[in-house]
Amino acid sequence: MRARNVLFGVLRGRCGVLTCTVAVLVAACGGGGTTSDVDGQPSPVRAELTGIVTPGYVVENNEPGSSPIQGRIVVSAKGSRGIIRSSDNYGAGRANEHRTGLTDLDPPYMLRNALVDGSFLVSVATEPGRANVTALTTLLVAQLLGADPASAFDSYSGSATANIARITDARIAEAQTAVTAYLQDVLGVEVQSGTASFTQAVFEARDGDPMYDTMVALNARLTADGITLTDLSQTLAAQARLCLAESITVTVGGQSSRFCTATKSGLPETADPTVMAYVFTDPNGATLTLRLRGNDLLTERYVSAEGVAYDCSAAGCTGLVIGTPAGDLSRAATFTDARIGSAVLNGSLTLPAPGPAIPVLPCDNNRYALVYPDFSLAAECIDASDPFGIGGMFGGNAGLPRTGFTFGGALTVYVENGELLSITALRPYTDPGTGQPVIFKCVGAECAGAVLGAPELNYDYGPELTLRSLTLTGVQLRALNADGTPATLTDAATLQGSFLTIEYIDPAELSPQPNHCLGTTDHFFAQASFAPTVTDICPAPGGKTTTQYGAGDLDVVLFGYAPVGVNPRVDLQIRGGVATRIEVSGGSYSGGNFLCTTDCSNVVVGVPNGAGERTVTFNGAVLHEIEPANVPGTRTMTLNGSFVAPPP
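Right, let's walk through the structure included here. Once a new chain begins, its residue numbering starts again from 1 and follows that chain's sequence as written. For this predicted model, a pLDDT threshold of at least 70 governs which residues receive local features, and a threshold of 80 or more governs which side-chain atom pairs are given and counted, while totals over whole chains, interfaces and linings are taken from all residues. Computation of side-chain values covers all heavy atoms of the structure but excludes hydrogens and water.

## Describing the overall build of the protein
Moving on, step 1. A tally of helices and strands in the protein yields eight helices and 39 strands.
Moving on, step 2. Exposure classes here rest on a 1.4 Å probe applied to the protein chains alone. A residue is buried below 20% of its type maximum, exposed above 50%, and partly exposed in between. Expressed as a percentage of the 648 residues in the protein, the buried residues total 46%.
Moving on, step 3. Residue contacts follow a heavy-atom distance rule, with two residues in contact if any of their heavy atoms lie within 4.5 Å. Taking the intrachain contacts of the protein between residues at least 6 apart in sequence as the baseline, contacts between residues at least 24 apart amount to 52%.
Moving on, step 4. Within the structure as shown, the protein displays about 29,200 Å² of accessible surface, and the carbon and sulfur contribution to it stands at 54%. For the purposes of this entry, the term helix denotes a DSSP run of H or I that reaches at least four residues, the term strand denotes a run of E that reaches at least two, and both are numbered from the N terminus. Per-residue and other accessible areas were derived by the Shrake-Rupley procedure at a 1.4 Å probe size, with only the shown protein chains allowed to occlude residues.

## Thoughts on the nonpolar core
Moving on, step 1. Definition of nonpolar core: a set of buried residues of the types Ala, Val, Leu, Ile, Met, Phe, Trp, Tyr and Cys, connected through side-chain atoms within 4.5 Å. Residues M110, V124, L139, L144, I167, L183 and L218 are the most contacted members of the largest nonpolar core, which totals 51 residues.
Moving on, step 2. Taken together, the elements giving at least two residues each to this core come down to strand 1 (48–54), strand 5 (106–114), strand 6 (120–125), helix 3 (135–145), helix 4 (149–154), helix 6 (169–185), helix 7 (210–225) and helix 8 (229–245).
Moving on, step 3. Once you skip the residues sitting within four places of it in the chain, I167 turns out to touch P108, Y109, M110, V124, A125, T126, L144, L145, Y156 and I172.
Moving on, step 4. In this structure, A410, V438, V475 and L489 belong to the second largest nonpolar core, which totals 32 residues.

## So, the environment of A217
Moving on, step 1. Along the chain, A217 falls in helix 7.
Moving on, step 2. Separated by 25 residues in sequence, A217 and Q192 place their C-alpha atoms 9.8 Å apart.

## Focus on the sheet that holds strand 5
Moving on, step 1. By the convention used here, strands pair only if DSSP detects at least 2 bridges between them. The strand order 3-2-5-6 describes an open sheet built from four strands, whose pairing is antiparallel. Of all the strands in the sheet, the pair left with one neighbour each is strand 3 (85–86) and strand 6.

## A short note on the pairing of strand 22 (residues 393–397)
Moving on, step 1. With four of five residues buried, strand 22 lies mostly within the body of the structure.
Moving on, step 2. In the sheet, strand 22 pairs with strand 30 (residues 493–503) via three bridges, with the strands oriented parallel. Directly across from F394, in strand 30, lies its bridge partner I502.
Moving on, step 3. The hairpin formed by strand 22 and strand 23 (residues 402–407) contains four residues between the paired strands, and G399 there has a positive phi angle of roughly 100°.

## Things to note about the packing of helix 3 against helix 6
Moving on, step 1. For the pair helix 3 and helix 6, the least separation of the axes is 8 Å and the interaxial angle reads 110°. Taken together, helix 3 and helix 6 sit at an angle that is classed as roughly perpendicular. Helix 6 is crossed by helix 3, and the crossing has right-handed handedness. For the pair helix 3 and helix 6, the contacting residues are L136, L139, L140, Q143 and L144 in the first and R171, I172, A175, Q176, A178, V179 and L183 in the second.
Moving on, step 2. Considering only residue class, the contact of helix 3 with helix 6 consists of nine nonpolar, two polar and one charged. Geometry is summarised by axes, namely lines fitted to C-alpha atoms with helices restricted to the contacting stretch, and by angles between N-to-C directions that run from 0 to 180 degrees. Here roughly perpendicular refers to angles of 65 to 115 degrees, roughly parallel to angles under 35, roughly antiparallel to angles over 145, and oblique to all remaining angles. Put simply, a crossing is left-handed when the front helix is turned counterclockwise from the back one by less than a right angle, and right-handed when it is turned clockwise. Three categories are distinguished: nonpolar for Ala, Val, Leu, Ile, Met, Phe, Trp, Tyr, Cys and Pro, charged for Asp, Glu, Lys and Arg, and polar for the others, with Gly belonging to the last.

## Examining the sheet that holds strand 10 (residues 255–260)
Moving on, step 1. One open sheet holds the five strands; their spatial order is 10-9-18-17-16, and the pairing between them is antiparallel. The open sheet has two edge strands, strand 10 and strand 16 (318–322), and neither has a second partner. The sheet shows a mean angle of 15° between the axes of neighbouring strands, direction not considered.
Moving on, step 2. Here strand 9 (residues 247–252) runs beside strand 10; their pairing, made up of six bridges, is antiparallel. What sits directly across from I248, in strand 10, is F259.

## Focus on the state of the cysteines
Moving on, step 1. We call a pair of cysteine sulfur atoms a disulfide whenever their separation is within 2.5 Å. One pass over the full model with this rule turns up five disulfides.
Moving on, step 2. Here C363 engages in a disulfide with C381; their sulfurs sit 2.0 Å apart. Across the S-S bond linking C363 and C381, the dihedral sits near -95°, which makes this disulfide left-handed. In this pair, C363 sits in the loop between strand 19 (355–359) and strand 20 (367–371) while C381 sits in strand 21 (residues 377–381), placing the two residues 18 residues apart along the sequence.
Moving on, step 3. For C381, a relative accessible area of 27% gives the class partly exposed.
Moving on, step 4. Through a disulfide, C596 is tied to C600; the S-S separation comes to 2.1 Å. On the sign convention where negative means left-handed, the S-S torsion of about 115° between C596 and C600 marks this disulfide as right-handed.
Moving on, step 5. Overall, C600 belongs to the buried group, its relative accessible area being 10%.

## Let's talk about unusual backbone geometry
Moving on, step 1. Note the cis peptide between P107 and P108, where omega equals -5°.
Moving on, step 2. Among the structural elements, P108 can be located in strand 5.
Moving on, step 3. Phi is positive for D104, which is not a glycine, with a value near 65°.
Moving on, step 4. The exposed category is assigned to D104, whose relative accessible area is 51%.
Moving on, step 5. A positive phi angle, close to 60°, is found at N630, a residue other than glycine.

## A short note on the pattern of salt bridges
Moving on, step 1. Only one rule defines a salt bridge in this text: a Lys or Arg side-chain nitrogen within 4 Å of an Asp or Glu carboxyl oxygen. A full pass over the atoms with the stated rule returns 24 salt bridges.
Moving on, step 2. We note a salt bridge from D104 to R85, for which the minimum N-O separation is 3.4 Å. Residue D104 is found in the loop between strand 4 (97–101) and strand 5, and its partner R85 is found in strand 3; the two are separated by 19 residues along the sequence.
Moving on, step 3. We classify R85 as partly exposed; its relative accessible area is 23%.
Moving on, step 4. Note that E627 and K441 form a salt bridge whose closest N and O atoms lie 2.6 Å from each other. Highlighted residues: E627 in strand 38 (residues 614–627) and K441 in strand 26 (residues 437–443), separated in sequence by 186 residues. Comparing E627 with K441 shows no difference in burial state: the two are buried.

## Remarks on the packing of helix 3 against helix 8
Moving on, step 1. Relative orientation of the contacting elements helix 3 and helix 8 amounts to 25°, with a least axis distance of 6 Å. Put simply, helix 3 runs roughly parallel to helix 8. Relative to helix 8, helix 3 is oriented so that their crossing is right-handed. Note on element contacts: helix 8 touches helix 3 through L229, L232, S233, L236, A237, A240, R241 and L244, opposite A135, T138, L139, A142, Q143, L144 and L145.
Moving on, step 2. Within the contact of helix 3 with helix 8, the residues separate by chemical class into 11 nonpolar, three polar and one charged.

## Describing the side chain of T546
Moving on, step 1. Counting through the fold element by element, T546 comes out in strand 32 (residues 535–550).
Moving on, step 2. Note on T546: relative accessible area 11%, which makes it buried.
Moving on, step 3. Counted as a polar contact is a pair of N or O atoms within 3.5 Å, where, for protein atoms, one must be capable of donating a hydrogen and the other of accepting one, and residues adjacent in sequence contribute only when both atoms are in side chains. One polar contact links the side chain of T546 to the main-chain carbonyl oxygen of P646, over a distance of 2.8 Å.
Moving on, step 4. With near-sequence residues (within four places) excluded, T546 lies in contact with L554, D555, V556, A645, P646, P647 and P648.

## Notes on helix 3
Moving on, step 1. Within helix 3, 10 of the 11 residues are buried, which leaves the element mostly enclosed by the surrounding structure.
Moving on, step 2. Taken as a whole, helix 3 has its buried residues at A135, L136, T137, T138, L139, L140, V141, A142, L144 and L145.
Moving on, step 3. Sitting at the head of helix 3, T134 places a side-chain oxygen 3.2 Å from the backbone nitrogen of L136.

## Focus on the packing of aromatic side chains
Here a ring pair, both rings aromatic, is described through the centre-centre distance and the interplanar angle of the planes.
Moving on, step 1. Two aromatic rings, drawn from Phe, Tyr or Trp (for Trp, its six-membered ring), form a pair once their centres lie within 6.5 Å of each other, and the interplanar angle then sorts them: stacked below 30 degrees, edge-to-face above 60, tilted otherwise. Summed over all chains, the structure comprises 10 aromatic pairs.
Moving on, step 2. When the centroid spacing of 5.8 Å and the interplanar angle of 45° are considered together, the rings of F524 and F643 count as tilted. Linking F524 in strand 31 (residues 523–528) with F643 in strand 39 (residues 631–645), this pair joins segments that are 119 residues apart in sequence. Neither F524 nor F643 differs from the other in exposure class; each is buried.
Moving on, step 3. Here the aromatic residues F259, Y302 and Y310 are joined through ring pairs into a cluster of three or more.
Moving on, step 4. In this scheme, Lys NZ or Arg CZ marks a charge over a ring once it lies within 6 Å of the ring centre and within 35 degrees of the ring normal. Positioned over the ring face of F153 is K78, at 5.2 Å from the centre of the ring.
Moving on, step 5. Sitting above the plane of the F530 ring, R635 keeps its charged end 3.8 Å from the centroid.

Following this line, the structure appears as structure tokens:
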């Protein structure tokens, strides 16, 4: 991707010359008033959000270039679809008030205000109108979405379907009730504003106002505890996330509490491997254990956070229905007035696929869990890596028609012609038998359980972007050694997860490129097996170096010219006058890195001339593609031509 071209496209795509000119003329003629120049009809009322912006203390300067003293609060707004907007009340209105237009944005909305210390205030709204952005709304968003508020804003887009579904008036009210209880019961901060809406209530950011005084008291408590609003919002989010993901209600002696899953595991018992023990834990230390042999329930045990145990066996365990195993071997467990001793359970949990305790991750998307054969695991949320704020993983040319996506440092996924090609786990696993690193990968039909969603074309940001979901359910990755050969380890690694992929292909990458090597004889050609054209590579001025280690032992590095967008590098290892290793990166506009080691044939290294120069000639030398984790690929590059290596 060429970021500069993309940005230019964005700037060009939002306002054509004629449109902008007309807009200026209309404004100059009084078109900004409330009456239209057409048939005397009133202009439509602009959709916008307004409200107070405050963390509960005085902020001398807000976002760069803004000053609350001058009435220049800057709030950014996102909708479920559309381009991010910013408030435009510069120099107008009260110093702590924002007014943010919602043109081309679909509800529901998220809002964010950046503070000078690098933290953020965040809020939500279901429709145009009132939307305060305060410390209290930030905690409300953490509780509502079960995610760090600033990160949730960054990833908010049409693909954030779970968060879009959660931003409703009813759920906002529930989240405020939960935050109010936490502030009063856990932190000892009285919510003096009562049930007044954090997001919609009209209040003043001054001492004596109940809403503002609540935030002042909150900040005093945070200071006393040595934590920040960001720390508190992340704590709330982590607790809320567990209950959003999975929970049941446990009633004992007429008192009900929610059991929210923090971790769960499903492992065979050592004494009897035919018995599976499914263990659920909640963040307070309570546990729920179900023991099954096949489809038969043997025992249930619930242990409260206080350590009180409740047990039942077989037919004595009523009200529990175990579902049939899904494709990834997980299964539903539904509790309907289920009795474990005197404890009554209601709700549903999902028994995990056999494996270790997998944590409940604080994200709905861009997450994975990889379980290795020894039941060790890697699981994490991956930060979105796109420059548009859509909330997905940005990818592009990996040797067209192949495109590639790297998810953190954990996984690489290749897509070719709209079909999933392969998935590679980038973090090696050590075979306990051999002590050697093992790479796990699936190719094509092997990747059963990986579903690539239908493409959605997006033009909101100028260039054509292709959005696709990727869902991973019990995908089995086979074991490979680092050289791509089958490992001695026979067990597979199991992968679960979900991502949004964002693909951009520069149209220039699909077109033949100009040749910059014309008129020189010091050049060679690189032909990738998948590329329609040959790349002509010639050394850049001063782009060749030779290092000598002994008689006939040389390392030659060449940086070359090639078509626009390609920066080729050739590393040539010569031992005893023979080429023993050649690596080419950037040798094709279509992408890919290529290598030969033990099979670097059809290369002639000439004897040095009087100046100490050697001519290196390629006569159909074949290099093999290097895929992620240094696993050899199936594609090749063939070199023909020659260049002059400088003296050491």
